[in-house]
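A look at the structure
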Amino acid sequence: MSEWKTIKLKDFVTLKRGYDLPHDKSREGNYPVIASTNIRSYHNEYKVDPPVVTVGRSGSIGKVQIVNKKAWPLNTTLYVKDSKGNNTNFIYYFLQTMGLEQFNSGAGVPTLNRNHIGLLKIKIPDIKKQEKIANVLSTYDKLIENNNRRIEVLEQAAEEIYKEWFVRMRFPGYENTKFVKGIPEGWEVKKIGDIFNVSSSKRVYSSDYVESGIPFYRSKEVIKLSNGEAVSELLHISDNKYEEFKKKFGVPQRNDILITSVGTIGIPLLITDDNPFYFKDGNLTWIQSSSNPVLSYYLYYWLNSDMGYRSLQMYTIGTSQSALTITNLKRLKLLLPNETVLHKFNDIFRDLNMKKDYLNQQNQNLIKQRDLLLPRLMNGSIEVK
């Protein structure tokens, strides 16, 4: 630790507030527009040369992002204007360990004040050690990024097959199939409620939460998992509570589908393993498609398709907050292929999803290892030679 020195954050980096860009002034382009927690859109102008490191400043505060291309950091962020000779990747990782989300200075909207956090005292190593630490952590992120690209290719392949078979109707054997009023002979239209049991969970109260036990998902966890993202800071219920629900009412099984039903409508999560979990009632609807596994993948991709999305929106109610009721979800109509096409489709997508799940699991492990190393590397408790 001898080569580590104590300085103030403002002497480590210069942070500057990002730039205004109202939605009506935004023009489609190639430059990322960085909001407090994500990339909001792509604009035809940029403000900052790469690499661009930002911290969420307003609304959601403290999230650190890095973009390795010219970009437009929004006014809801602070961006690193001057790295003061420090390694940019090290800065990106170091800021993540500072817990900046705890320095809210706003009375209403959460706000991060750069002048306040600039006075925080920190310990940093010399530039050579910064580079070594950043290289170790970057190796994990490059592997994760590579897996994400492979997952994207698999998803594009799956989407293209779905469109070819069920949108353009060029499914195996279509040349010799008779169509009646636009529907292949042997196919049929059914309501989701006539095929599957559709329900929700039993009520779980905040007093039921425990420190560890069975993971408990809300909409935000389901959305993250559906996007292949890691879930941190999970809620849990006890094993006994889970077993009670399982015995009396049943719990989600492999090949079941959960779907977001309040606010953000229609994000589906296909359950692909046997790991136990429970979920929040009201905001999530449970399609018990494990009762007919051959239909699970087809229904899942239909829910993800443009047609599925439009159908869900038509059955959504509410003005101030959208909602998809169980009754309306049951009424949704689905065009079901014949058994031969369904089984061929299921075989292809089961293989694609197994590869995707494997890559997602690899990423979860890489993220865990990286996040375990991060604070230890940043406080010098692990020495990098």
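Here is what the cut-offs are and how they apply
- Residues numbered from 1 in each chain as written.
- Predicted model: local features only at pLDDT ≥ 70, side-chain atom pairs only at ≥ 80, totals over all residues.
- Heavy atoms only, no water.
- Pairing = 2+ DSSP bridges.
- Helix = DSSP H or I, 4+ residues; strand = E, 2+ residues; numbered from the N terminus.
- Axes fitted to C-alpha atoms, helices over the stretch in contact; angles between N-to-C directions.
- Parallel < 35°, antiparallel > 145°, perpendicular 65-115°, else oblique.
- Contact = heavy atoms within 4.5 Å.
- Nonpolar A, V, L, I, M, F, W, Y, C, P; charged D, E, K, R; others polar.
- Buried < 20%, exposed > 50% of the residue type's maximum accessible area, 1.4 Å probe, protein only.
- Arc of directions from axis to C-beta.
- Polar contact = N/O pair within 3.5 Å; in protein donor to acceptor, adjacent residues only side chain to side chain.
- Core = buried A, V, L, I, M, F, W, Y, C linked by side-chain atoms within 4.5 Å.
- Phe/Tyr/Trp six-rings, centres within 6.5 Å; stacked < 30°, edge-to-face > 60°.

For the rest of this paragraph, the subject is the sheet that holds strand β18 (residues 268-270). Taken together, four strands build an open sheet; the order of strands is β13-β20-β17-β18 and the sheet is antiparallel. Both outer strands of the open sheet, β13 (198-199) and β18, are each paired with one neighbouring strand and no more. Sheet topology note: the β13/strand β20 (residues 284-287) ladder contains two bridges and is antiparallel. Across the sheet, residue Ser 199 finds its bridge partner in β20, namely Trp 286.

Our focus in this paragraph is the packing of helix α8 (residues 293-304) against helix α11 (residues 339-378). In contact at an axis separation of 9 Å, α8 and α11 are set at 70 degrees when each is read in the N-to-C sense. Relative to α11, the element α8 is oriented roughly perpendicular. Contacts between α8 and α11 pair Pro 293, Val 294, Leu 295, Tyr 297, Tyr 298, Tyr 300 and Tyr 301 from the former with Leu 342, His 343, Phe 345, Asn 346, Phe 349, Arg 350, Asn 353 and Lys 356 from the latter. Of the residues contributing to the contact of α8 with α11, the split by class is ten nonpolar, three polar and two charged.

Sheet architecture is open: four strands sit in the order β2-β8-β5-β6, paired in antiparallel fashion. Strands with a single pairing partner mark the edges of an open sheet, and in this sheet they are β2 (14-17) and β6 (64-67). Taking the axes of each pair of neighbouring strands and ignoring which way they run, one obtains an average angle of 35 degrees across the sheet. Where β2 lies against strand β8 (residues 77-82), four bridges are found, and the strand directions are antiparallel. Bridge pairing links Thr 14 to Asp 82 in β8.

Moving on, we come to the pairing of strand β21 (residues 333-336). In β21, alternate side chains face the same way, and those of Leu 334 and Leu 336 are buried while those of Lys 333 and Leu 335 on the opposite face are not. Across four bridges, the pairing between strand β12 (residues 188-191) and β21 is antiparallel. Note that in β21 the partner of Lys 191 across the bridge is Lys 333.

Time to look at helix α6 (residues 219-226). Among the residues making up α6, those that are buried are Ser 219, Glu 221, Val 222 and Ser 226. Projected onto a plane normal to the axis of α6, the buried residues spread over an arc of 165 degrees and lie on a single side. One or two steps after α6, the chain reaches Gly 228, where phi turns positive at roughly 75 degrees.

Now for helix α9 (residues 306-314). Looking at α9, one finds that the buried residues are Gly 308, Ser 311 and Leu 312. The buried residues of α9 occupy an angular sector of 100 degrees when projected down its axis, which confines them to one face. Exposed residues pointing more than 90 degrees away from the buried face of α9 are listed as Asp 306 and Met 314. Against the buried residues of α9 lie β17 (257-260), α8 and α10 (326-331).

Before going further, it helps to examine the side chain of Asn 363. Relative to the elements of secondary structure, Asn 363 occurs in helix α11. In this structure Asn 363 comes out as buried when scored by relative accessible area, which is 2%. Side-chain polar atoms of Asn 363 contact the side chain of Asn 147, separated by 3.0 Å. Looking at Asn 363, its side chain comes within polar contact range of the side chain of Asn 148, at 3.0 Å. Other than its neighbours up to four places away in sequence, Asn 363 contacts Leu 143, Ile 144, Asn 147, Asn 148 and Ile 151.

A negative phi angle is the norm for most residues apart from glycine, just as the trans form is the norm for most peptide bonds. The linkage connecting Pro 50 with the following residue, Pro 51, adopts the cis geometry, with an omega of -10 degrees. Mapped onto the elements of the fold, Pro 51 is located in the loop between β4 (39-43) and β5 (52-56). Although it is not a glycine, Lys 181 sits at a positive phi angle of roughly 55 degrees.

So, about the environment of Phe 179. Tracing the backbone through its elements, the reader meets Phe 179 in strand β10 (residues 179-180). Since its relative accessible area comes to 34%, Phe 179 is described here as partly exposed. With sequence-adjacent residues up to four places away left out, Phe 179 is seen in contact with Met 169, Phe 171, Tyr 174 and Pro 184.

Grouped together as the largest cluster of nonpolar side chains are 39 residues, with contacts concentrated most on Leu 299, Leu 329 and Phe 345. For this core, the secondary structure elements donating two or more residues are α4 (127-167), α5 (192-195), β17, α8, β21 and α11. Excluding residues that lie within four positions of it along the chain, Phe 345 makes contacts with Tyr 162, Trp 165, Phe 166, Tyr 297, Tyr 298 and Tyr 301. Within the second largest apolar cluster, 36 residues are counted, among which are Ile 7, Ile 61, Tyr 93 and Ala 134.

On inspection of all chains with the given rule, the structure shows 29 aromatic pairs. Relative to Phe 90, the ring of Phe 12 has its centre 6.3 Å away and its plane inclined at 90 degrees; by these criteria the two rings are edge-to-face. Residue Phe 12 is located in helix α1 (residues 9-12), and its partner Phe 90 is located in helix α2 (residues 88-96); the two are separated by 78 residues in the primary sequence. In this structure an aromatic cluster arises from ring pairing among Tyr 162, Trp 165, Phe 166, Phe 171, Tyr 174, Phe 179, Trp 187, Tyr 298, Tyr 300, Tyr 301, Phe 345 and Phe 349.

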